[in-house]
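Structural characterization, general
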Amino acid sequence: MDKKRSQKFETLQKERLLEERQKSLTQIEELKKDDPFADPDHASDNAAIDTDVREQVGHDTIEAQIKDTQKRVAQIDVALRKISKNQYGKCESCGEEIPQARLKLIPEAANCLECEKRLRK
Ligand SMILES: [Zn+2]
C-alpha cells in the first residue's frame, strides 16, 4: 500500500465530497417540500382520520430520510476537514490507511472495511 497518497487523489476526492454535499443539501430541501406537514393548509384542515394517518406516515418517512441525509452531510464535513488537515483516508478505529478503492466508492468513509464490519455488529 502506498503510504503517501497523491495530492491528485485528494483533490479529486475533495471535489467529489463537495459535489455530494451540495447534492445532499438539495435533497434535504426537496424532502422538506414533500413533507405533508409542510403544507400550509395542513394545520387547519379537518381531514378524515385515515388522511391524518397517511400524512403522519409520510412525515415520519421523510423525517427519517432527512436525518439520514443530514448524517451524511456531517460525515462529508468530517472528511473535508480531514483533507485540509492532511489526515484524509485514515481509519478512525485502527489508524490504518483506508484502501483507495473504498474511498472511491465512499469518499466520506471514516473507517476501513474491517472496522466498519466490526462496528456494525
Ligand atoms: Zn480500521
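A brief look at the structure comes next. (Residues numbered from 1 in each chain as written. Predicted model: local features only at pLDDT ≥ 70, side-chain atom pairs only at ≥ 80, totals over all residues. Heavy atoms only, no water.)

**So, the coordination of the zinc ion**
Basically, it comes down to this: Counted as donors are the N, O and S atoms within 2.8 Å of the metal, or 3.2 Å for Na, K and Ca, while water is not among the atoms, so some sites may look incomplete. For every residue, the accessible area (1.4 Å probe, protein chains only) is compared with the maximum for its type, and the residue is labelled buried under 20%, exposed over 50%, or partly exposed between those bounds.
For the zinc ion, the full set of protein donor atoms is C91 (SG), C94 (SG), C112 (SG) and C115 (SG), and the range of their distances to it is 2.3 Å. Between the donor residues of the zinc ion, the gaps in sequence give the motif C-x2-C-x17-C-x2-C. Given the relative accessible area of 39%, C94 is considered partly exposed.

**Thoughts on the nonpolar core**
The line we're drawing: Nonpolar cores were defined as sets of buried Ala, Val, Leu, Ile, Met, Phe, Trp, Tyr and Cys residues, with membership established by side-chain atoms within 4.5 Å. Per the convention used, a helix needs a DSSP run of H or I reaching at least four residues, while a strand needs a run of E reaching at least two, with both numbered from the N terminus.
In terms of nonpolar packing, the biggest core is built from 13 residues, with L17, Y88, C91, I98, L103 and C112 touching the most fellow members. Looking at this core, the elements that each hand over two or more residues are α1 (7-34) and α2 (49-84). By residue number, the principal contributor to this core is α2, which donates four residues. Formed by five residues, the second largest nonpolar core is a distinct cluster that contains I28, L31, I62 and I66.

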